[in-house]
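# Observations on chain architecture
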Amino acid sequence: MKSWDQDEYGLYKEADNLRATGVNAPRSKRPNLWYPIFVDPKSLDFYITEDDQPLSKSHDAVWPINPEGSELSWYWGRPNFQHSKHNLILKKTTNGWQFYKKQRPSLGDLPTKKPKSFFYKAEYSTSTATTQLKDLMGAKIFDGPKPVPFICDLIEIATSEGDTILDFFAGSGTTAHAAMHISAKTGVNRRFILAQWPEEVDPSSEAAKNGYSNIAEIAKERVRRAGAKLRHDSCHTDWNKDIGFRVLKIDTSNMEDVYYRPDEVKQADLLTAVDNVKPDRTAEDLLFQVLVDWGVDLTLPIRRETVQGKTVFFVDDNALVACFDTGITEDLVKELAGHEPLRVVFRDNGFVSDAVKINVEQIFRQLSPTTDVKSI
């Protein structure tokens, strides 16, 4: 290990050659980094000029050419050279003059030893993560997954009971897997949110051969399998064993334009605007739009029941009651009011008659006066 030296700027030690290496090193790739550095062999001073001509004929020109004779480039452009030439070491070697960069210690570094990462474990390796995911999914369907132990350690350090972990680039779903794993291990329950664009997989890939059309589908199946495995394995007695999750997709509004811009509807269009809701939308679609509009937690438990022949959703028991069927009668409205929900919502054209629609708010005012009533 090279020892540290010191100049007027502080500690340093010899680092890489100023001559570039790698696929982008050739002169043709970076022509602006091809220029001569001139060396005064007596004073050992070195410099560059605008016209690439030496200040004296006795000065040597050094070009970024490797021992094999390949024309490469410098790592530094001319401005950086002028500004940072004090961070270069000039050496005479069997291959001629060479320039090496000075490595300066970072703030807090000890110059006596190389600093090491606090985050290093054998199980952090990508190859191990790939093997574990392959074992879980039955095939190698994703390249370069993040290691579950590494994400677990980050979660354990940064979160506590009841926290929600957000991953905007979910990939194969490692973050959800890790969140459930660390909750099962410690009994400190956490939730997660994953966001993943449904990027299509290569049709010739193992993922496609195993029936996955996009990355989001891989993540969903990975979370299902990881949760089932964790429930089967031994776990902390305080873990709530909650491995459930909901999948929500961004889409256009469920409502026709008339719902948002009624003033723009022409009289001739009124007959086509009887229903506010787009014809291809399900009751679940409408329910989750209402949850978003009202600011209701999307993870609350939802119970579906049949009441007087109609499908009724009960969110967190009585936090919200919703019915989007048509043919809603006054008797059904009265029965729902008997649950005294905090909020209730119906489809605007779902009532059996205009009279029932008009009486809804009066019924709730009498039977459940604190209920917030809404129609969409």
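Residues numbered from 1 in each chain as written. Predicted model: local features only at pLDDT ≥ 70, side-chain atom pairs only at ≥ 80, totals over all residues. Heavy atoms only, no water.

## Comments concerning the overall build of the protein
Formally: Working definition: helices are DSSP H or I runs of at least four residues, strands are E runs of at least two. Numbering for both runs from the N terminus. Radius of gyration here uses only the C-alpha atoms, and the compact-globule reference equals 2.2 Å multiplied by the residue count raised to the power 0.38. In this scheme, a residue with accessible area under 20% of its type's maximum is buried, one over 50% is exposed, and one in between is partly exposed, where area comes from a 1.4 Å probe on protein chains only.
Along its length, the protein carries ten helices and 14 strands. Taken over C-alpha atoms, the radius of gyration comes to 34 Å for the protein, far larger than the 21 Å a tight globule of 376 residues would show. Taken over the C-alpha atoms alone, the protein extends approximately 105 × 60 × 45 Å along its principal axes. Burial status across the protein gives 37% buried among its 376 residues.

## Structural notes on a nonpolar patch on the surface
What counts is decided by this rule: In this analysis, a patch consists of residues with relative accessible area above 30% that form no salt bridge, clustered at 9 Å for like charges and at 5 Å for the nonpolar side chains Val, Leu, Ile, Met, Phe, Trp and Tyr. The accessible surface values rely on the Shrake-Rupley method and a 1.4 Å probe; as for residues, cover is taken only from the protein chains in view. Within this document, salt bridges are pairs made up of a side-chain nitrogen of Lys or Arg and a carboxyl oxygen of Asp or Glu, the two lying within 4 Å of each other.
On the surface, Leu166, Phe168, Phe169 and Ile193 cluster together into a nonpolar patch covering about 480 Å² of accessible area. When you line up the elements, Leu166 lands in strand 8 (residues 164–167). Judged by relative accessible area, which is 47%, Leu166 ranks as partly exposed.

## A closer look at the packing of helix 3 (residues 148–158) against helix 4 (residues 174–186)
Definition in use: Interaxial angle, 0 to 180 degrees, is taken between N-to-C directions of lines fitted to C-alpha atoms, where a helix line uses only the stretch in contact. Crossing handedness follows the turn of the near helix against the far one: under a right angle anticlockwise gives a left-handed crossing, and clockwise gives a right-handed one. Contact definition: two residues touch when any of their heavy atoms are within 4.5 Å. Three residue categories are used. Nonpolar comprises Ala, Val, Leu, Ile, Met, Phe, Trp, Tyr, Cys and Pro, charged comprises Asp, Glu, Lys and Arg, and polar comprises the others, including Gly.
Helix 4 packs onto helix 3 with a crossing angle of 65° between their chain directions and a minimal axis gap of 8 Å. Relative to helix 4, helix 3 is oriented so that their crossing is right-handed. Contacts between helix 3 and helix 4 involve Val148, Ile151, Cys152, Ile155 and Glu156 on the former and, on the latter, Thr174, Thr175, His177, Ala178, Ala179, His181, Ile182 and Thr186. Its residues assigned to classes, the contact of helix 3 with helix 4 comprises seven nonpolar, five polar and one charged.

## Notes on helix 10 (residues 354–367)
Where we set the bar: Between the first and last residue of a helix there are one fewer steps than residues, each counted as 1.5 Å, and that sum is the expected span.
Across its 14 residues, helix 10 extends 20 Å between first and last C-alpha, which sits within 8% of the 20 Å expected from 1.5 Å per residue. Within helix 10 the residues assigned to the buried category are Val356, Val360, Ile363 and Phe364. Against helix 9 (330–337), strand 13 (343–346) and strand 14 (372–375) lie the buried residues of helix 10.

## Observations concerning unusual backbone geometry
With a phi close to 60°, Asp52 is a non-glycine residue in the positive phi region. Take Asp52: its relative accessible area is 25%, and that puts it in the partly exposed class. Not every positive phi belongs to a glycine, and Asp316 is a case in point at roughly 50°. Positionally, Asp316 belongs in the loop between strand 11 (310–315) and strand 12 (320–323).

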